[in-house]
Amino acid sequence: MKDAHRSPTTKIAGARLLVVVAPYYKDVANMLLEGAQVAAREAEATLEIVTVPGAFEIPGAIALAIRTGAYDGFIALGCVVRGETSHYDYVCGESARGLMELSIRKRASIGYGILTVNTLAQAEERADPRRGDKGGESVRACAAMIALKRKFGEMMQ
């Protein structure tokens, strides 16, 4: 992994994170999860993991989980590889829009780890904890937002 591109890990002791992973590309999903688990330990947070069929379903699952009030933050992990149809554009755009909406409207701390790539090789490069570590980066982004929420005294949702 290139340390120059790695975000610092913010300590969020005791925080509960929900990872919602779409294992459509199982090997990629496993690498993303590996990086997320390491980063969560570094942040002193605990992880719970649930799966959904694909990236399109991730925002809906997080919306359901937000309602429980059981989590301090959420990690969205998955991969969408460009194909020959416009399906890629819809899945990428709508999953990103859904997560951004939850982040703003529900004040949810969300780490975005949905890879949107042209090839599976690109996904593997980005997912590998020793190279791109996007799973770890998504946890670090979420941790930074939880710390900011705590700083501003927001009520956890």
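Residues numbered from 1 in each chain as written. Predicted model: local features only at pLDDT ≥ 70, side-chain atom pairs only at ≥ 80, totals over all residues. Heavy atoms only, no water.

A. Helix α2 (residues 58-66), seen in detail. For α2, the complete set of buried residues consists of I58, P59, A61, I62, A65 and I66. Buried residues of α2, seen end-on, are gathered within an arc of 160 degrees and therefore sit on one face of the element. Buried residues in α2 make contact with β1 (16-21), β3 (73-81), α3 (87-105) and β4 (110-117). (Buried < 20%, exposed > 50% of the residue type's maximum accessible area, 1.4 Å probe, protein only. Helix = DSSP H or I, 4+ residues; strand = E, 2+ residues; numbered from the N terminus. Arc of directions from axis to C-beta. Contact = heavy atoms within 4.5 Å.)

B. Structural context of the nonpolar core. Core analysis: the largest hydrophobic core is formed by 27 residues, its most contacted members being I12, L17, V28, L77, C79, L115 and V139. Going through the elements one at a time, β1, α1 (26-43), β3, β4, α4 (120-127) and α5 (134-151) are the ones with two or more residues in this core. A per-element tally of this core places α1 first, with nine residues. Sequence-distant contacts of V28, that is, excluding residues within four places in its chain, are made with C79, L115, L120, A123, E124 and A127. (Core = buried A, V, L, I, M, F, W, Y, C linked by side-chain atoms within 4.5 Å.)

C. Here's a closer look at the packing of aromatic side chains. Taken as a whole, this structure holds two aromatic pairs when the rule is applied. Arranged with centres 5.0 Å apart and planes meeting at 75 degrees, the rings of Y24 and Y25 form a pair that is edge-to-face. Residue classification places Y24 among the exposed residues on the basis of a relative accessible area of 62%. Taking relative accessible area as the criterion, Y25 reaches 25% and is therefore assigned partly exposed. (Phe/Tyr/Trp six-rings, centres within 6.5 Å; stacked < 30°, edge-to-face > 60°.)

D. Main features of the environment of Y71. Position of Y71 relative to the elements: it lies in the loop between α2 and β3. Separated by 17 residues in sequence, Y71 and G54 place their C-alpha atoms 22 Å apart. In terms of polar contacts, Y71 uses its side chain to reach the side chain of E48, at 2.8 Å. (Polar contact = N/O pair within 3.5 Å; in protein donor to acceptor, adjacent residues only side chain to side chain.)

E. Up close: the packing of α1 against α5. Contact pair α1 / α5: the axes reach a minimum separation of 6 Å and the direction vectors enclose 35 degrees. Viewed along their axes, α1 and α5 form a crossing whose handedness is right-handed. Contacts between α1 and α5 pair L32, G35, A36, A39, A40, E42 and A43 from the former with K134, G135, G136, V139, R140 and A143 from the latter. Its residues assigned to classes, the contact of α1 with α5 comprises seven nonpolar, three polar and three charged. (Axes fitted to C-alpha atoms, helices over the stretch in contact; angles between N-to-C directions. Left-handed = near helix turned anticlockwise from the far one by under 90°. Nonpolar A, V, L, I, M, F, W, Y, C, P; charged D, E, K, R; others polar.)

F. Local environment of a nonpolar patch on the surface. Taken together, M145, L148 and F152 make up a surface patch of nonpolar side chains, about 300 Å² in accessible area. Tracing the sequence through the fold places L148 in helix α5. (Patch = residues over 30% accessible without salt bridge, like charges linked within 9 Å, V, L, I, M, F, W, Y side chains within 5 Å. Areas by Shrake-Rupley, 256 points an atom, 1.4 Å probe, with all protein chains shown as cover. Salt bridge = Lys/Arg side-chain N within 4 Å of Asp/Glu carboxyl O.)

G. Examining the environment of R150 more closely. As for its position among the elements, R150 is in helix α5. Under the relative-accessibility criterion, R150 is labelled partly exposed at 37%. Sequence separation between R150 and I12 is 138 residues; the distance between their C-alpha atoms is 9.4 Å.

H. The arrangement of unusual backbone geometry in detail. Notably, E44 is not glycine yet its phi reads approximately 65 degrees, a positive angle. Positive phi, normally seen in glycine, also occurs at R107, with a value near 55 degrees.

I. A look at the sheet that holds strand β2 (residues 46-51). Taken in spatial order, the four strands make up an open sheet running β2-β1-β3-β4, and their pairing is parallel. Every other strand in the sheet has two partners, leaving β2 and β4 as the edge strands with one partner each. Taking each pair of neighbouring strands and ignoring which way they run, the sheet shows an average axis angle of 15 degrees. Of the strand pairs in this sheet, β3 and β4 are connected by eight bridges, and their pairing is parallel. (Pairing = 2+ DSSP bridges.)

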